[in-house]
Amino acid sequence: MRYIHAFLTMGTFTLLMLWLVYRALREEEMDVAVKRFLSGLALVFFMGPGWSTNYSNFALMELWLPILSILGMYALVKGKHMWCIPVIAVVCELIHTGYVFLYFNLILVVFYYKIFMEKGADIRHSDTKHSDTKKYIVYGIVTFVLTSILFLYMMFAATAREGITIDYVIERTAEFMHKPIEEIETQRELIQGYLFRDGGFSGIAFDIKDYWLLLIVMLVLFSPFIYEVYRYWKLVAKEAGKLGAGYALIPLGIVTTIPMYIMHCDYGRWTYAAFFYEFACIWLLNVTGDRAAAKAASKMMERIDANKTYYLVLLFYAGITGAFAQNLINPMVSMIESYGWKVLGALGIG
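A few points on the structure.

Reading the values: rules and limits
- Residues numbered from 1 in each chain as written.
- Predicted model: local features only at pLDDT ≥ 70, side-chain atom pairs only at ≥ 80, totals over all residues.
- Heavy atoms only, no water.
- Axes fitted to C-alpha atoms, helices over the stretch in contact; angles between N-to-C directions.
- Helix = DSSP H or I, 4+ residues; strand = E, 2+ residues; numbered from the N terminus.
- Parallel < 35°, antiparallel > 145°, perpendicular 65-115°, else oblique.
- Left-handed = near helix turned anticlockwise from the far one by under 90°.
- Contact = heavy atoms within 4.5 Å.
- Nonpolar A, V, L, I, M, F, W, Y, C, P; charged D, E, K, R; others polar.
- Expected span 1.5 Å × (residues − 1).
- Buried < 20%, exposed > 50% of the residue type's maximum accessible area, 1.4 Å probe, protein only.
- Phe/Tyr/Trp six-rings, centres within 6.5 Å; stacked < 30°, edge-to-face > 60°.
- Salt bridge = Lys/Arg side-chain N within 4 Å of Asp/Glu carboxyl O.

### Some points on the packing of helix α12 (residues 208-221) against helix α19 (residues 331-346)
Packing of α12 against α19 brings their axes to within 9 Å, and their N-to-C directions diverge by 125°. Our classification of the angle between α12 and α19 gives oblique. Here the hand of the crossing between α12 and α19 comes out right-handed. Residues Asp210, Trp212, Leu213, Leu214, Val217, Met218 and Leu221 of α12 form the contact with α19, whose own contacting residues are Met332, Val333, Ser334, Ile336, Glu337, Gly340, Trp341 and Leu344. Taken together, the residues of the contact of α12 with α19 sort by class into 11 nonpolar, 2 polar and 2 charged.

### Description of helix α13 (residues 223-239)
Over its 17 residues, α13 extends 24 Å from the first C-alpha to the last, a length consistent with the 24 Å expected when each residue adds 1.5 Å. Within α13 the residues assigned to the buried category are Glu228, Tyr232, Trp233, Leu235, Val236 and Ala237. Those residues of α13 that are buried lie in contact with α2 (32-47), α14 (244-249), α16 (267-287), α17 (291-306) and α18 (308-321).

### With respect to the packing of aromatic side chains
One pass over the full model with this rule turns up 23 aromatic pairs. Ring geometry for Phe276 versus Phe279: centroids 6.3 Å apart, planes at 50°, classification tilted. Note that Phe276 and Phe279 are positioned in helix α16 at a spacing of 3 residues, about one turn of the helix. Judged by relative accessible area, Phe276 falls into the buried class, the value being 0%. Relative accessible area serves as the criterion here: at 11%, Phe279 is assigned to the buried category. Here the aromatic residues Phe13, Phe45, Phe46, Tyr103, Tyr272, Phe275, Phe276, Phe279 and Trp283 are joined through ring pairs into a cluster of three or more.

### Considering the pattern of salt bridges
Counted under the stated rule, the structure contains 5 salt bridges. For the salt bridge of Arg36 with Asp305, the shortest nitrogen-to-oxygen distance reads 2.7 Å. Of this pair, Arg36 sits in helix α2 while Asp305 sits in helix α17, and the two are 269 residues apart along the sequence. Since its relative accessible area comes to 40%, Arg36 is described here as partly exposed. Taking the relative accessible area as the measure of exposure, Asp305 reaches 34% and is therefore partly exposed. Residue Lys299 is joined to Glu239 by a salt bridge in which the shortest nitrogen-to-oxygen separation is 2.6 Å. A residue pair is termed long-range when its members are at least 10 positions apart, and Lys299 in helix α17 and Glu239 in helix α13 qualify at 60 residues. Through salt bridges that share partners, Glu62, Asp266 and Arg269 make up one connected network.

As structure tokens, then:
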């Protein structure tokens, strides 16, 4: 059953990503430079960690969070079937309590764009504008409130139903994962705290105190990509004119992941969520015909054409860094971090 679920999840995710690429590149009115930019972005996604990232344990379920969120974004952009938005958000929150920090920003950013930005934005398809701002405000409030209440309930009040014991949970988990019970027993404290509210781990910690060096190494190694994302959004803000400050807020949506970095050490998962958010936002604005985003994409292509060797190396660097690991981001980051601790220890600092 586990393997059927894995194939179904990865298959759905792969088809959805390929469908998004196909829909974008067949758009007749889209500028050729923008299509080239999106093609390069898709290549980075599939060669880098976008597609290849896998999580162990139950985390394949987590892949349904971006899948469902992307479908929610599509419904919001089209302005149709908006009743499904709060449903999607609630389902995602039931899948993973941390959804509000990881992928809920994908839904919220579209509400933000529709309510505050769209009327003043220069959009290629004027018929994609939806003047009924009140509808977006109402659905946005309902979605935010419902998801927030469910998060608080799941985090601090929900417990396993009567009759379910911790031993039953461990046995069923081992059976589902095809792993020995002894291995799942190592997580007894975590299960006890989350599901039974009876001591154990409450779900709130301060793990960053032990992993701060890992995050510094990650920021250094990923700095070329972070800089390119910064350059793109800087161009978008410049092209947007008076709306530039509003556009500049869009990439800052990744700040919702900060609590997860502070509380839990699954840094590969949190970093993937931040990466996916930036990818989705850049893709969203370009496929919806936002001219500020399109002009920025064209200027980025001019820069890429003038520095082909550098960007080719950057593409292969994305491939070399590979998939994100669940905890330590990726093998390259964790290896450098381990040497860093040794150096700090030798200096009497670590």
